[in-house]
Amino acid sequence: MKPTDWWRAQVEAIQAKQRSSSVHARRSEQITPDMVKQRMQNVDDLSSLSLKMNDEEVHVFFLDTLVDVSQIYENVFLPLQRSDGRDPMEALPFSQECLLNDMETLMSNLLRGHTILFFLERDLILHVNTFQVAHRSITKSETEATVLGPQDSFVEMLEINLSLLRRRLATPHLKVSSYTIGTEAHNKVAVIYLENIANAENVERVKKRIDNVIYHRFVGMPVLKQMLEDKPYSPFPQFGLTGRPDNATAALLDGRIVIMLNGSPDAAICPTSFLEMFSSPEDFYNRWSTASLLRMIRFFGLFITIMLTSSYVSVLTYHPEMLPPALLTILSESRSRVPFPPVIEVLIIELVIEILREAGIRMPTKIGQTIGIVGGIVIGTASVQAGLASNILIVLVSVSALLSFVPPNFLMSNAIRLVRYGFILMAGVLGMYGQMLTLAFLFAHLLNLTSLGTPYMAPGVPRQWTDLMNGLVRAPLRFIVNRNRMSRAKQKHVRPVGED
């Protein structure tokens, strides 16, 4: 053998040895069916099959509770059997290849309802989306009911909710950015916006906040919303919350950002303002005069519900001279058998109303309504007869409780109920002076709040006259030319200026 041939043979032997060792190392890192079984041990709904297809062994994994087995047979097994040994990716055009050493991605796909196929002889792992579970049909919204307008509402499936928005906004500018959050639950979140209208800085701010969220589970959008808001310790919601597709569509067209969570029928809207919490989707279905009147009643109801019972405490405790003598005589006769001071009397009845409300919500619908009506009448009458409360207070507390539910936003209603207790306690301590102090503190707190960096009290403070046309009142549509400035939208006008 020539020296050159001998050296060439030595080099080829070394290269063959290196290739053999690299293949052996790669095979040692490669995911195997046994590794999947080990990770998913004690998972009873895991189906593990080993099939012989075209003289080739295929290991299949899927979760019975997340897939339709008949769909797997028709869309996976049958095409593979008819492939006659062709490349599996050609036989399964909707399949995707998994990395041979990315165990976490493979497990994530399996847990999201994908079918995993191992072709060991080809060093190939494929996953096919076979997710299919029963879901609730689209029904009427229970929390944002309206007389006019569309009646559909979001459901718990994110894909269905996105289709409801796509059906209303058939434009390529509608963008959807998906994220997976939750260290244990791996919830899917979608950030939705109109690229040609929404402010890019706001969009990036929302995405950054979602990236920074670390929590083990999210059972609903209200939970995630609390982690994305500017001031999580405030009782007031700083993001809007809706279950209506038409409401979310209107927000997107105004330059807002909508956040949706898989498994939750609610969508968060940001940024938003305090005044918008009193707006209903029905405002734009009614005539402007009717809508403006209803909107003013909601603001008036807010003021009355936080001041009514606290004023009862203040006047009877510290300022009886503010009442006309005839009315004071009636109140004195009404409270003649009540042994408690007015503040204790009010707190007892307010707590009874809260208990009745909670019991009515938790009970079955028919029983809850009965308990609410009978309980309110019986307990109210019995309280007056027993001398625990005056009959005038029963009327005032009932009116105050009804007005607290006037705002269309449920979270705002809860915040108002909480604030009302602060007014009652301060009225019992300092009278009318305490009420004014609490009102000043409430305004200061609201002025310090922001929603995605924009002032919460806009367009009142800072004042923006054009936004007030769709804030305090609902002006005729011909006068609503601009989008709300707090959206900081790229396109400021909703229609050409000067158009009649």
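As the structure is a computational prediction, the values presented were derived from the model and not from experiment.

## With respect to the sheet that holds strand β9 (residues 257–261)
Spatially, 5 strands are ordered β6-β7-β9-β10-β8 in an open sheet, and the strand pairing comes out antiparallel. Strands at the two margins of the open sheet, each flanked by one partner only, are β6 (174–181) and β8 (240–242). Taken over all neighbouring pairs, the strand axes of this sheet differ in orientation by 25° on average, direction set aside. Bridge count between β8 and strand β10 (residues 267–270): 3 bridges; the pairing is antiparallel. Residue pairing in the sheet places T242 in a bridge with A267 of β10. Strands in contact with helix α8 (residues 221–228) are β6, β7 (187–194), β8, β9 and β10; relative to β9, the strand with the most contacts, it is inclined by about 130°. Lying over the sheet, helix α9 (residues 245–253) contacts β6, β7, β8, β9 and β10, oriented at roughly 50° with respect to β7.

## What about empty space enclosed by the protein?
For the structure on display, the rule yields 2 cavities of 30 Å³ or more. Its boundaries defined by the atoms lining it, the largest cavity holds a volume of some 70 Å³. Forming the walls of the largest cavity are M53, N54, E56, V58, L80, S83, G85, R86, P88, F119 and R122. Looking at side-chain class alone, the lining of the largest cavity contains 5 nonpolar, 3 polar and 3 charged residues. In this structure, the second largest cavity spans a volume of roughly 50 Å³. Every residue lining the second largest cavity is listed: S273, L275, E276, A458, P459, D467, N470, G471, N484 and M486. By residue class, the composition of the lining of the second largest cavity is 4 nonpolar, 4 polar and 2 charged.

## Some thoughts on the pairing of strand β2 (residues 56–63)
Buried residues dominate β2, accounting for 7 of its 8 residues. Where strand β1 (residues 46–53) lies against β2, 8 bridges are found, and the strand directions are antiparallel. When the sheet's bridge partners are listed, K52 is paired in β2 with E57. Counting the residues that bridge the hairpin from β1 to β2 gives 2 residues, and of these N54 lies at a positive phi of roughly 55°.

## Remarks on a nonpolar patch on the surface
On the surface, a nonpolar cluster with roughly 470 Å² of combined accessible area is contributed by V147, L148, F284, Y285 and L477. Tracing the backbone shows L477 in the segment after α17 (465–468).

## So, the UniProt feature "transmembrane region" (unreviewed entry) in the protein
Mapped onto this numbering, the UniProt entry annotates "transmembrane region" (unreviewed entry) at residues 297–318, 338–356, 368–386, 392–411 and 423–447. End C-alpha atoms of residues 338–356 are separated by 22 Å, and the span's content is 79% helix alongside 0% strand.

## Description of the layout of surface pockets
Taken as a whole, the largest pocket holds about 1,100 Å³ of empty space. Forming the boundary of the largest pocket are 37 residues, of which N247, A250, A251, F284 and N470 lie nearest the centre. Sorting the residues of the lining of the largest pocket by element identifies β8, α9 and α17 as the ones contributing at least two each. For the lining of the largest pocket, the leading source of residues is α9, giving 5 residues.

Procedures and definitions
- Residues numbered from 1 in each chain as written.
- Predicted model: local features only at pLDDT ≥ 70, side-chain atom pairs only at ≥ 80, totals over all residues.
- Heavy atoms only, no water.
- Pairing = 2+ DSSP bridges.
- Helix = DSSP H or I, 4+ residues; strand = E, 2+ residues; numbered from the N terminus.
- Axes fitted to C-alpha atoms, helices over the stretch in contact; angles between N-to-C directions.
- Contact = heavy atoms within 4.5 Å.
- 1 Å grid on protein atoms, 1.4 Å probe; cavity = no way out; pocket = protein on both sides within 12 Å on 5 of 7 lines; lining within 4 Å.
- Points joined across faces, edges and corners; volume = space filled by probe spheres on them.
- Nonpolar A, V, L, I, M, F, W, Y, C, P; charged D, E, K, R; others polar.
- Buried < 20%, exposed > 50% of the residue type's maximum accessible area, 1.4 Å probe, protein only.
- Patch = residues over 30% accessible without salt bridge, like charges linked within 9 Å, V, L, I, M, F, W, Y side chains within 5 Å.
- Areas by Shrake-Rupley, 256 points an atom, 1.4 Å probe, with all protein chains shown as cover.
- Salt bridge = Lys/Arg side-chain N within 4 Å of Asp/Glu carboxyl O.
- UniProt positions renumbered as here; feature names shortened; annotations may be inferred.

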